[in-house]
Amino acid sequence: MKNAVKILFLLSLTLYGYMGAAHAQANPVTGRVTDSSTGDAVAGITVTEKGTANQTVTNSQGVFDLSVASGAVLVFSGLEYTTQEVAVGSSTTVNVVLEAAVFDLDEVVVVGYGQQKSFEITSAISKVRGEDLDERPISRVDHAMAGKLSGVQVQEASGSPGRGFTVKVRGIGSITNSSAPLYVVDGFPLSSGLDNINPADIESIEVLKDAASAAIYGSRGSNGVVLVTTKSGKGGKPVISLDSYYGIQERFSKVDVLNRDEYIQFAIEERNNSWILQGGQASDPNSARSNANYWIDPLWISDPQSFPDHDWQELISRNAPVQSYQLSASGSSDFIKYYISGNHFNQKGIILGSDFKRLSFRGNVEAKVSDWFSLGLNLSANSVDRNDSDGDGNQGPVSRSTRVAPIVGLEQQTQEGGFYPYHAAFYLNPLALATELTNKGKAKNILANVYASVNLAKNLTFRTSFGTDYSNGFSQYFKPDNINRGLGHTGRVNADFRENYLTENILTYEHAADRLNLNAMAGFTYQEETYTEANLTKAGFPDDEIRTLNMGTLLNSGGSSAAQWSLMSFLGRVNASWDQKYLLTASLRRDASSRFGADNRWGWFPAVSLGWRISEESFMKDVEFVNELKLRASYGAAGNNNIGNYAAIGALNQTNYVLGSSQRVIAGFSPAGFSNRMLGWERTNTIDVGFDVSILRNRVSLVVDYYQADVNDLLLNVQIPAVSGFSNAMVNVGAIRNRGVEFELNTINLNGPFKWSTAFNISHNTNTVTALGPDSAPIYGYLEGFNVTITQIGKPIGSYYLFEQEGVFRNQDELDNHPHYRVQNVGDIKYRDVNNDGEINEDDRVIAGNNSPKFFWGMQNTFAYGAFDLTVAMDGQWGNKLLNIGISQHGQSRGNVDGYWRDRWRSPEDPGNGWVPRAAVTANLTTPSTFWLRNASFFRMRTVSLGYQAPARWFEQTNAIKSIRLYASVDNVFMHDHYYRNPQTGTWSNSNTVPGADFDATYPLARTYTFGLNARF
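Definitions and cut-offs
- Residues numbered from 1 in each chain as written.
- Predicted model: local features only at pLDDT ≥ 70, side-chain atom pairs only at ≥ 80, totals over all residues.
- Heavy atoms only, no water.
- UniProt positions renumbered as here; feature names shortened; annotations may be inferred.
- Phe/Tyr/Trp six-rings, centres within 6.5 Å; stacked < 30°, edge-to-face > 60°.
- Helix = DSSP H or I, 4+ residues; strand = E, 2+ residues; numbered from the N terminus.
- Buried < 20%, exposed > 50% of the residue type's maximum accessible area, 1.4 Å probe, protein only.
- Lys NZ or Arg CZ within 6 Å of the ring centre and 35° of its normal.
- Pairing = 2+ DSSP bridges.

As named in an unreviewed UniProt entry, the protein chain is TonB-linked outer membrane protein, SusC/RagA family, taken from Parapedobacter indicus. UniProt's Subcellular location (unreviewed entry) comment on the protein chain is quoted here verbatim: "Cell outer membrane". According to the UniProt record, the Sequence similarities (unreviewed entry) comment for the protein chain is "Belongs to the TonB-dependent receptor family."

Structure (structure tokens):
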């Protein structure tokens, strides 16, 4: 870390000298900026010498002073105004009048295999701009999208450093396969997600939400497409940037558990109640009790204060630093443009034994070799190191910090420290788990794409590219005997290698006339990937000093695998506009995938979208308060090919055969299934209708979309006749529908010296299964042997399918007058007799909710006054549930329990809150019911960030420094929720059919206090 800082410092000094020489001659320019409608002075407008980092900000009177080079062009920009460029010439005074604007109609929006201006967009596309990424420190790209985009749900299931988020675009698009969107970085479709992308290098993020915009990606576009565009060189002289921040993280999420006195009282009560259920008496001594689970430590009664009162969650937690240092250079001339950056990111985890480090480099270079030929390269390389103490595992330190009782000694529950005899031995010491376990991974990645662009004729361009996404990883796991309950030391290593190649050839024609604008594109692409993996597990280590596998003497297991896929595509698209008023986009893609049956390799993916800019019609000219009004409608088809590489091919199982009179055992193979030559992709057909409106001099803008996405030909395993020799086969039979509405509202609330703008989005999606197998039989989801979800026609995928709790049996009268399930007593959970047949059985299960929110939203308020700016970002969700499978083990005192057990039933006179049952080990604990569900709704103040732009006059005496911005931010400021500030958990299971499941094992979120610097030279 120290070396990295020294290098950055030395580079900065070198660059200071260079930039000082470059700006040796400067001319002072002053002026005033005013609002076009009010005539008032506009404070906080950034005035930049184009092509440089030389800039200043207007004061409260709208006045600026700036020294610039001869012949300079000034760029005036502000969040609420249309950017304006003014040539200085020989003038020393430049006064500017700015027009208010929420969005720029000429803003460039990246679409698949091209770009469009925002007014030309006729489909559903949302965008995160580069400046929005600078509001707060961001460690991952998916983090940047949280709460920013309508229709894009970003689920932060875990706070573990480096752990990715779950992203869903417009709901769940498959039953058995992935619903993750396709990620495309600078035109390169990735199969490995965004783990290796440095967010500080990002220029913009566009999300293609409907099939009309995503159909150009064919068989991979049905779950949406996330387009990431990295930075490139801007016009003019070199700009050197130093961006750094340092933060301190503290624990934000913490589970409420019983303290020492509460636990002892609970344990005595539970063990007596459970022993009575076995036919004993509460007064029976331990010697009369048949099992240690019912024993009571005499000190619990005689001297409970002699026990410690450990807070294990605090013991494994720490305040941890997070830091990032980035140095970049960018610029361009008539012949070359470039962006080069290096970044060092280092995050310690708030749980002992966890951390994440990333070193990254990026170089984007494009050279104009001649008037008709350009050559470019996008290159990124990074190295990642991650240590994880199994923070999200149900046997890791986070889980055990909530389950190990506070009375256990700091050295106990280990092999060396011994086990507390009145406690479950499998609840191991969380402090030892966090500090003694080795679970580390290393990964290296190179993403390179070289391209050439040739102007074949007027308005006709051919672009060809070739790229590779290369990565390899290595992980090491070692569990010493001390935390392995005497089973010895065990070690495991895993190595993987991924090599992905892509070639694209795109021909583009542009035609611009007085009334007709036309853009046509046609292309061919081919992509291929090879993946290999090997693993080895050994035991028999003499000690835990040397943890490499060469010290192990017993080979437990080992194996390797290899896989390959390829995709060949032809594609085309036409964009047309008439009078910039009537808009049309039509596209067509034809894909051939190696993953599908030999007789169904090819598929067509068409799309068409229309737009009508009503505001450009003559009858709207007198409606002055409407600045922009556009209607949009689209239809498109896209596919999902995430089914595994060999699902269409009959696999083989290893089988031993006995041959000859000697009964010799011969290793061989037998069919595990048969091939399906017609197996194809899951296909999504989407209709989207929307409108964009901007009113009141662009101070209020609203984007609304309504959509219906029908997903057909879902891949399901269905039963087949036993005469075939197999019990089931994968076929295309299922269907689901996602239907929803999205709103994005942007407003300028105040526009004087004090500025205030708001960006708000809210989304609603309804998911419904419309078809399943041949007999329409539902699909049941299991977790830890319990049936907890159901997927059936007419309901959402993965709905929680449970017995419905009506409370507890508060007294004998309630017990005698209500049906029972299994063996029940007073104080146990009371279940609803749904069908009123006088019995509680499997027919009384109900659909009790699901993990998909009815609404999710985000809001950001931005304030500015003078050189200060303040950003407050919030987000939330409402109307969904989560399931904690760990509750099936709650209620027993072999370990600690959550704090809700304080409100348990104790007697008819003290029935608690009427919801939590008595302390006893009963069948109630293992009955899947709504007692296991929790409300997953939340409201969060995600970020508060305060920035200060240093005045330009501070740097008048030096030509090296052009601007400095300082900022301080707090992440995860506040949350109102119902699950220990982890309402988006899904660490135990987050599949489509069993979503949002926890097992008392979610790495906590962190609150982060950060201080940062952005300097331009």
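There's plenty left to go through after this.
Before going further, it helps to spend a moment on the packing of aromatic side chains. All told, the structure shown has 35 aromatic pairs when counted by the stated rule. Between Phe524 and Phe570, the aromatic rings sit 5.1 Å apart at their centres with planes inclined by 50°, giving tilted as the arrangement. Note that Phe524 is positioned in strand β25 (residues 516-539) and Phe570 in strand β26 (residues 554-578), a separation of 46 residues in sequence. Overall, Phe524 belongs to the partly exposed group, its relative accessible area being 25%. Under the relative-accessibility criterion, Phe570 is labelled partly exposed at 42%. Centre to centre, the rings of Phe605 and Trp681 are 5.4 Å apart; their planes meet at 50°, and the pair counts as tilted. Here the residue Phe605 occupies a position in strand β28 (residues 602-613), and Trp681 occupies one in the loop between β31 (664-671) and β32 (682-695), the gap between them amounting to 76 residues. Of the two residues, Phe605 and Trp681, neither departs from the other in class, the shared state being buried. Taken together, the ring pairs connect Tyr263, Trp300, Phe307, Tyr420 and Tyr422 into an aromatic cluster. Over the aromatic face of Tyr477 sits the side chain of Arg492, whose NZ or CZ is 4.4 Å from the ring centroid.

Strands sit in the order β45-β44-β48 across an open sheet of three strands; the sheet is mixed. Each edge of the sheet is formed by a strand with only one pairing partner; in this case those strands are β45 (933-935) and β48 (997-998). Relative to β48, strand β44 (residues 881-884) is paired through two bridges, and the arrangement is parallel. Its bridge partner lying in β48, Leu883 is registered against Ala997.

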